[in-house]
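Coordinate inspection notes
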Amino acid sequence: MLIHPWDAARDAAEWQQWLAAHDFGQLAVNGLPGEPPFVQPMHFAYDPSAGGEFGEAVAHLARPNPVWPALDACPEVLLSVVDDYAFVPGPWQALPGAPAEHGTPTSVYTAVQLRCTAHVVDDPEEKSALLNRQVGHFQPPGLSATVAVGEAPYGRMLSGIRGLRLEVTGVRAKFKYAGHKPEEVQDRIAAGLGERGTPGDAAALAGQRRRRQEA
């Protein structure tokens, strides 16, 4: 992923705060020899305070998932999260004084890529703790029974899944919101996103506004 200086995260807090509200991504795993990479969409729970310098994410997948042999062969993976995106028509990007049709169409978006070392969790007790931790991230206490080995309703289901603890070893974060363009162009993009109102525009506009306010 190309990251220009004007699109880079200003500090770790910026991408961590964004990631805290974006917990669905794609896990990319190197394929076995002769096979393309596996790309697994999944929910995950990220904890910046767990693990090493960059924290860790936890998730789980069904035992029959074809990703496991590839993970055994190479545990170095990439967890990719992209959101708050929108298409920007060319006229919105036209430079001041230039014809509208000379503007270049583009996209705005946020992308965070976590390079991770994957640790597969099969121990029933550890798997139960991981599941409780992940569920606790997504919903308030009391909505689901606690996962416990040998106890209903989830104990009997533990054998059908495997846990994943993703130790984050590096991070690449990009906030692409035309931050290098003249103010007039940024204003035009903001106005366009606000007026168009198609799915994703509001989130993209919020991302652009935040980056401009913090510049």
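Residues numbered from 1 in each chain as written. Predicted model: local features only at pLDDT ≥ 70, side-chain atom pairs only at ≥ 80, totals over all residues. Heavy atoms only, no water.

Two quantities define a packed helix pair, namely the angle between the axes and the distance from one axis to the other. It is at 8 Å that the axes of helix α4 (residues 183–196) and helix α5 (residues 201–214) come closest, and there the two elements cross at 150°. As judged from the angle between their axes, α4 and α5 are roughly antiparallel. As for how α4 packs across α5, the hand of that crossing is left-handed. The residues of α5 that touch α4, namely those facing Glu183, Gln186, Asp187, Ile189, Ala190, Leu193, Gly194 and Arg196, are Asp201, Ala204, Leu205, Gln208 and Arg212. Split by residue class, the contact of α4 with α5 holds five nonpolar, three polar and five charged. (Axes fitted to C-alpha atoms, helices over the stretch in contact; angles between N-to-C directions. Helix = DSSP H or I, 4+ residues; strand = E, 2+ residues; numbered from the N terminus. Parallel < 35°, antiparallel > 145°, perpendicular 65-115°, else oblique. Left-handed = near helix turned anticlockwise from the far one by under 90°. Contact = heavy atoms within 4.5 Å. Nonpolar A, V, L, I, M, F, W, Y, C, P; charged D, E, K, R; others polar.)

This part takes up the environment of leucine 61. Tracing the backbone through its elements, the reader meets leucine 61 in strand β4 (residues 56–62). Each C-alpha atom, one on leucine 61 and one on isoleucine 161, is 5.7 Å from the other, the two residues being 100 residues apart in sequence.

For helix α1 (residues 12–20), the complete set of buried residues consists of Glu14, Trp15, Trp18 and Leu19. The buried residues of α1 occupy an angular sector of 125° when the element is viewed end-on, so they sit on one face. Exposed residues on α1 whose side chains face more than 90 degrees from its buried face are Gln17 and Ala20. Along its buried surface, α1 packs onto β3 (45–47), β5 (76–88), β6 (106–121), β7 (161–176) and α5. Two to three positions downstream of the cap, the backbone nitrogen of alanine 13 sits 3.2 Å from a side-chain oxygen, assigning the N-cap of α1 to aspartate 11. (Buried < 20%, exposed > 50% of the residue type's maximum accessible area, 1.4 Å probe, protein only. Arc of directions from axis to C-beta. Polar contact = N/O pair within 3.5 Å; in protein donor to acceptor, adjacent residues only side chain to side chain.)

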